[in-house]
Amino acid sequence: MQLIDFLKAFELFKDLSDQELQLITNYLHRQVLEKNDHLFRENQPRSAVFLIFEGRVELYKSTPLGEEKRITIFGGKDFLGEGALLDDDPHSTSARALEKTVAFKIDVSDFKRLLQERPEISARILARTARVIARRMRQTTTHVANIAAQYLSGKTRTEHDLLGERQIPFEVYYGIQTLRAVENFNITGISIYHYQILIESLAMVKMAAARANHDLGLLDDHISDAICQTCREIIDGRWHTHFVIDVIQGGAGTSTNMNANEVIANRALEILGHEKGEYQYCHPNNHVNLSQSTNDVYPTALKIALYRSTRKLIGVLKDLIDSFKTKAEEFKDVIKLGRTQLQDAVPMTLGQEMEAYAATLAEEIERLRQNADLFLEINLGGTAIGTGINAHPDYGKKAVEFLREITGIPVKLAPNLVEATQDTGSFVMFSSALKRLSVKLSKIANDLRLLSSGPRAGLNEINLPKMQPGSSIMPGKVNPVIPEVVNQVAYKVIGNDLTVTMAAEAGQLELNVMEPVIAQSLFESIEMLRNGMITFKYRCVDGITANREHCREMVENSISLITALNPVLGYEACSQLAKEALESNKGAYELVLEKGLLSKEELDEYLKPENMLSPRTFTKKRVK
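Predicted model, so just to flag it, every value in this text is computed and none were measured.

## Regarding the sheet that holds strand β5 (residues 68–74)
Right, so step 1: In spatial order, the strands read β2-β7-β4-β5; together these 4 strands make up an open sheet with antiparallel pairing. Each edge of the open sheet is held by one strand with a lone partner, namely β2 (38–40) and β5. The average undirected angle you get between the axes of adjacent strands in this sheet is 30 degrees.
Right, so step 2: Pairing between strand β4 (residues 57–62) and strand β7 (residues 94–97): 4 bridges, direction antiparallel. Across the sheet, residue L59 finds its bridge partner in β7, namely A95.

Shown next as structure tokens:
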């Protein structure tokens, strides 16, 4: 009977009787998974439907560059892999246990046997399966295409606000204030759903608020539990498609806050056994937004999201730095010309050049950390303008304690909440750190374009990976497209920094209403930098090769070579060599040997790469 009750929780089996469910139990195979064990992997053949009894399973997808992107998290009484009942296409995602997990599976081979023996049962299961897949596809289409697609529902519910009543599609979890914001702010075409880390951070703040209000006796157990369960689901990746408001909006983020309040309230109502919109049992403002204001919730969630995003950005930056270090080791014996003002300067190694790129980028790790630490000071509990109106005296302290526990981030309450509510200086500082990183990346990209220029009429010291044909008219032309796109990413981040600066300057009196464009600019900069650096690493830096002989020939034929011989031959003798080399169009290497100033062995010894990596002593030659 226990397994029958378990199966009743799944939509796939809603149309089956207890006797029919008993039959299905004969096809269940119990699986116990340890943390990081996989139910299935991307591109593997579909072979079973999985029913989760207890535990948590992460569904994720690998990007073309090998990065893993979480799609959602499934828990007890969730199911996945149902598409296996309809087709034999391989899995497009992977699923692994986040903790010890118990699941039951129904093999496709067993289902085919059921289809032959009891086709009427199989037909009902397949009908439910098709319905589930259609609903999931509808949600995906809504996100990809247009929010208006959600208005096709025939069933609606009536909601009201101070402006009147509106009909809301019954299936959606947002409410009337979100609907009005969708209609008002058709600005970028990018909804806050695109920035999932912001949605997760909003849910973390709402969970902390619910737990604090419950501790203070302001929120009943069942309502607090339902709100917290909903927030956990959102943190795990659910209900994100219902966060539909354009990321740029008027109202200082009020629409984003209300979108969260309405989604959480309506999902909590379901958990409590009520219909969406029955706000007398769980209200977006009275319960979900209790002791809060947009003016403390929105910036707090934004700071948490940016702090968490910085960790991922630094991880990608470290990977790029490692690539340059690898190239530094690979090219440590490739001697080449250093250049200043685009003119020949003195010899160096290509490895030193690559090591310098690694070093300059490594400096940015600490800069990013220092500026992200500014986000640890928050104004939660300050409500509207920092005075804490409508909040319990102990609410702010408790909410911050719970937020630390939920996020694992050492946030702290600002000493002056009025100041903290109006101040956006931390965003300005962080944006400047992103700009600084972008400037350095762009400079490196410029260098790689110069060093690879040619191949016949340029420097041609290195070869960049050939990624695509470079011209619709010039056969054989290949362009440095990856450094070029890194340049463009940098330009966008630099422009976003100006936007953040102007938006921060526009704050008036007790609040800065321009925080939505600050949020959009910073998230866009972080996302573009992450993607740009991943692309730079895998599609450019890792594949760089050196034209060793060409680099050596340019050193030997360059007048700048004479500078390296200054300590040996003296400045006057070297000046004469330089003059003669220019007039005779001969290389310095050739002239030194021709004049017998040094033997080939001596000259090669002075020009060994290892002898140019650090200062050293010389024995001065007497020049006749």
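Let's pick the thread back up.
## A word on the sheet that holds strand β3 (residues 48–54)
Strands in a sheet are paired, the pairing made by backbone hydrogen bonds, and the direction either parallel or antiparallel.
Right, so step 1: Pairing is antiparallel in the open sheet, where 4 strands are placed in the order β1-β8-β3-β6. Here the strands that pair on one side only, and so sit at the sheet edges, are β1 (29–33) and β6 (79–80).
Right, so step 2: Alignment of β1 against strand β8 (residues 101–107), held across 5 bridges, turns out to be antiparallel. Bridging across to β8, H29 finds its partner in K105.

## A look at the state of the cysteines
Right, so step 1: The full count for this structure, using the stated rule, is 0 disulfides.
Right, so step 2: The thiol sulfur of C231 is not disulfide-bonded, and the nearest other cysteine sulfur, from C228, lies at 6.2 Å.
Right, so step 3: Looking at C551, it has no disulfide partner, and the nearest cysteine sulfur is the one in C540, 16 Å off.
Right, so step 4: C551 gets classed as buried once you look at its relative accessible area, which sits at 0%.

## Focus: the packing of helix α10 (residues 294–330) against helix α14 (residues 425–451)
Right, so step 1: Where α10 contacts α14, the axes come no closer than 13 Å and their chain directions differ by 20 degrees. Compared by their axis directions, α10 and α14 come out roughly parallel. Considering the relative orientation of α10 and α14, their crossing is left-handed. Each of L302, K303, L306, T310, L313, L317, L320 and F324 in α10 lies in contact with α14, whose residues at this interface are S426, F427, F430, L434, L437, L441 and I444.
Right, so step 2: Split into classes, the residues belonging to the contact of α10 with α14 amount to 12 nonpolar, 2 polar and 1 charged.

## Section: the nonpolar core
Right, so step 1: By size, the foremost hydrophobic cluster in this structure holds 119 residues, and its most contacted members are F324, L448 and F536.
Right, so step 2: The biggest single contributor to this core is α10, with 16 residues.
Right, so step 3: Sequence-distant contacts of F536, that is, excluding residues within four places in its chain, are made with L320, F324, L441, I444, A445, L448, I482, P483, V486 and V541.

Conventions adopted
Numbers given for residues are sequential positions, taken from 1 along each chain in its written order. The model is predicted, so local features are restricted to residues of pLDDT at least 70 and side-chain atom pairs to those at 80 or more, both for listing and for counting; the totals for chains, interfaces and linings are taken over all residues. Calculated side-chain values reflect all of the structure's heavy atoms, with hydrogen atoms and water omitted. Being paired, for any two strands, means DSSP has found at least two bridges between them. Secondary structure elements are taken from DSSP: a helix is a run of H or I of four residues or more, a strand is a run of E of two residues or more, and numbering for both begins at the N terminus. Note on method: axes are straight lines fitted to C-alpha atoms, helices fitted across the in-contact stretch only, with angles between N-to-C directions ranging 0 to 180 degrees. To count as a disulfide, a pair of cysteine sulfur atoms needs to be within 2.5 Å. Only protein chains enter the calculation, and the probe is 1.4 Å; a residue is then buried if its accessible area is under 20% of its type maximum, exposed if over 50%, and partly exposed in between. Just so you know how the angles are binned, under 35 degrees is roughly parallel, over 145 roughly antiparallel, 65 to 115 roughly perpendicular, and the rest oblique. By the definition used in this description, the sense in which the near helix is turned from the far one sets the handedness, with an anticlockwise turn below a right angle giving left-handed and a clockwise turn giving right-handed. Working rule for contacts: check all heavy atoms of both residues, and any pair within 4.5 Å makes them a contact. Amino acids outside the nonpolar list (Ala, Val, Leu, Ile, Met, Phe, Trp, Tyr, Cys, Pro) and the charged list (Asp, Glu, Lys, Arg) are all regarded as polar, and Gly is one of them. Put simply, a nonpolar core is a bunch of buried Ala, Val, Leu, Ile, Met, Phe, Trp, Tyr and Cys residues held in one set by side-chain atoms that sit within 4.5 Å of each other.

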